Amino acid sequence: KMMYYARIMESPSASFVKIVDRCNNLSMMAAGFSRKRMISYIIETEKYVLPLIEKLKDEQPRYINALYLLKYQMLSIMESLKRLLV
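Since this is a predicted model, take the numbers as computed values, not measurements.

**Re the nonpolar core**
Side chains of nonpolar character tend, in soluble globular proteins, to be buried together.
Now for step 1: Counting 23 residues, the largest nonpolar core has Ile19, Leu26, Met29, Met74 and Leu81 as the members making the most contacts within it.
Now for step 2: Those elements that place two or more of their residues in this core are helix H1 (2-9), helix H2 (12-28), helix H3 (35-59) and helix H4 (64-85).
Now for step 3: If one sorts the elements of this core by residue count, H3 sits on top with 9 residues.

**Re the pattern of salt bridges**
Two side chains that carry opposite charge are able to pair once their charged atoms sit near each other.
Now for step 1: Across all of its chains, the model carries 9 salt bridges by this definition.
Now for step 2: Linking Glu10 and Arg7 is a salt bridge whose minimum nitrogen-to-oxygen distance equals 4.0 Å.
Now for step 3: We classify Arg7 as exposed; its relative accessible area is 59%.
Now for step 4: Glu79 serves as the salt-bridge partner of Arg83, at 3.2 Å between the closest nitrogen and oxygen. With Arg83 and Glu79 both in helix H4 and 4 residues apart, the pair spans about one turn of that helix.
Now for step 5: For Arg83, a relative accessible area of 61% corresponds to the exposed category.
Now for step 6: Under the relative-accessibility criterion, Glu79 is labelled partly exposed at 32%.
Now for step 7: Overlapping salt bridges bring together Glu46, Glu79, Lys82 and Arg83 as one network.

**Regarding the packing of aromatic side chains**
We describe a pair of aromatic rings using the distance from one ring centre to the other and the angle between the two ring planes.
Now for step 1: Considering all chains together, one arrives at 5 aromatic pairs under this definition.
Now for step 2: Geometrically, the ring pair formed by Tyr5 and Tyr48 is stacked, given 4.8 Å between the ring centres and 5° between the ring planes. In this pair, Tyr5 is assigned in helix H1 and Tyr48 in helix H3, connecting sequence segments 43 residues apart.
Now for step 3: In this structure an aromatic cluster arises from ring pairing among Tyr4, Tyr5 and Tyr48.

Thresholds, definitions, all that
Residues numbered from 1 in each chain as written. Predicted model: local features only at pLDDT ≥ 70, side-chain atom pairs only at ≥ 80, totals over all residues. Heavy atoms only, no water. Core = buried A, V, L, I, M, F, W, Y, C linked by side-chain atoms within 4.5 Å. Buried < 20%, exposed > 50% of the residue type's maximum accessible area, 1.4 Å probe, protein only. Helix = DSSP H or I, 4+ residues; strand = E, 2+ residues; numbered from the N terminus. Salt bridge = Lys/Arg side-chain N within 4 Å of Asp/Glu carboxyl O. Phe/Tyr/Trp six-rings, centres within 6.5 Å; stacked < 30°, edge-to-face > 60°.

Right under this line is the structure:
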């Protein structure tokens, strides 16, 4: 997975698309993911996708407001689900 995300980080457009897609997937995962898959998806998001947001904020300040909202949405979902999954 590290190589996959390293390649995405090379492109601001790919990074932004990945972040938006992940936000959408997080918001829908309770409807179709198993408990185990939700836990691994949250861990993967924290390990790989949140750093994409930070890198993109530094490289593309024009996206800073959208990235703030996407990060807020993802963190809200993940923190709520963590409490339910434990």
